[in-house]
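What follows is each chain in one-letter form.
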Amino acid sequence: TKNKYNVLVPPPATPQRAKYDSLAFFIMTELDAQSLWIHRKHDDLKGIFGDAPTAVREAKRQFDNAMGVMLTELKDCSKDCDDDGDDDNDDDSYHLIP
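Per chain, the residues get numbers from 1 upward, laid out in the order the sequence is written. Reporting of local features is limited, given that this is a predicted model, to residues whose pLDDT is at least 70; pairs of side-chain atoms are given and counted only at 80 or more, and all residues count toward the totals for whole chains, interfaces and linings. Just so you know, side-chain values use all the structure's heavy atoms and leave hydrogens and water out.

Caption draft 1: Focus on the overall build of the protein. The number of helices and strands found in the protein is three helices and zero strands. Listing the helices and strands of the protein from first to last along the sequence gives α-α-α. Considering only contacts within the protein whose residues lie at least 6 apart along the sequence, 43% involve residues at least 24 apart. Working definition of accessibility: Shrake-Rupley area with a 1.4 Å probe, residue cover restricted to the visible protein chains. Carbon and sulfur atoms make up 57% of the accessible area of the protein, which totals about 6800 Å². Segments assigned H or I by DSSP are reported as helices when at least four residues long, segments assigned E as strands when at least two residues long, and all are numbered from the N terminus. When checking whether two residues touch, look at their non-hydrogen atoms; a contact exists if any pair is within 4.5 Å.

Below, the structure written as structure tokens:
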């Protein structure tokens, strides 16, 4: 949902923004830079980087584990990130997974 600033990113200096930033960095480091890149370079680009089936298997396992963590965090955030700290009972939530 969009907030009062008409953006999908929570406002700065809020607990919701901290969670948003944490999840964004988790995606960049654990999913993309780590597991997906290792899988790609030793599977699709093995002619350049070398064939490493053990690394490919481990990258897939790591990706699956990271996705499990990510889904849990997104579900928790959908439950816990509803309140912006004010008492106006408006919808200040940032639901990433309904």
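Caption draft 2: Geometry of the environment of cysteine 77. In this fold, cysteine 77 is placed in helix H3 (residues 53-80). The buried label applies to any residue whose accessible area, calculated with a 1.4 Å probe on protein chains only, is under 20% of its type's maximum; exposed applies above 50%, and partly exposed to all values in between. What makes cysteine 77 buried here is its relative accessible area of 5%. The spacing of cysteine 77 and lysine 19 is 58 residues in sequence and 7.7 Å in space, taken between C-alpha atoms.

Caption draft 3: Representation of the confidence of the model for the protein. Looking at the protein, the pLDDT average stands at 80 and 72% of residues meet or exceed 70. The pLDDT score gives, residue by residue, the confidence of the prediction method on a 0 to 100 scale. Ranking the elements of the protein by mean pLDDT puts H3 last with 88 and helix H2 (residues 46-49) first with 96. In the predicted structure, residues 86-90 sits below a pLDDT of 50 and forms two contacts with residues beyond four places in sequence or in another chain. Contacts for the low-pLDDT stretch residues 93-98, under 50 throughout, to residues beyond four places or in other chains number 21 contacts.

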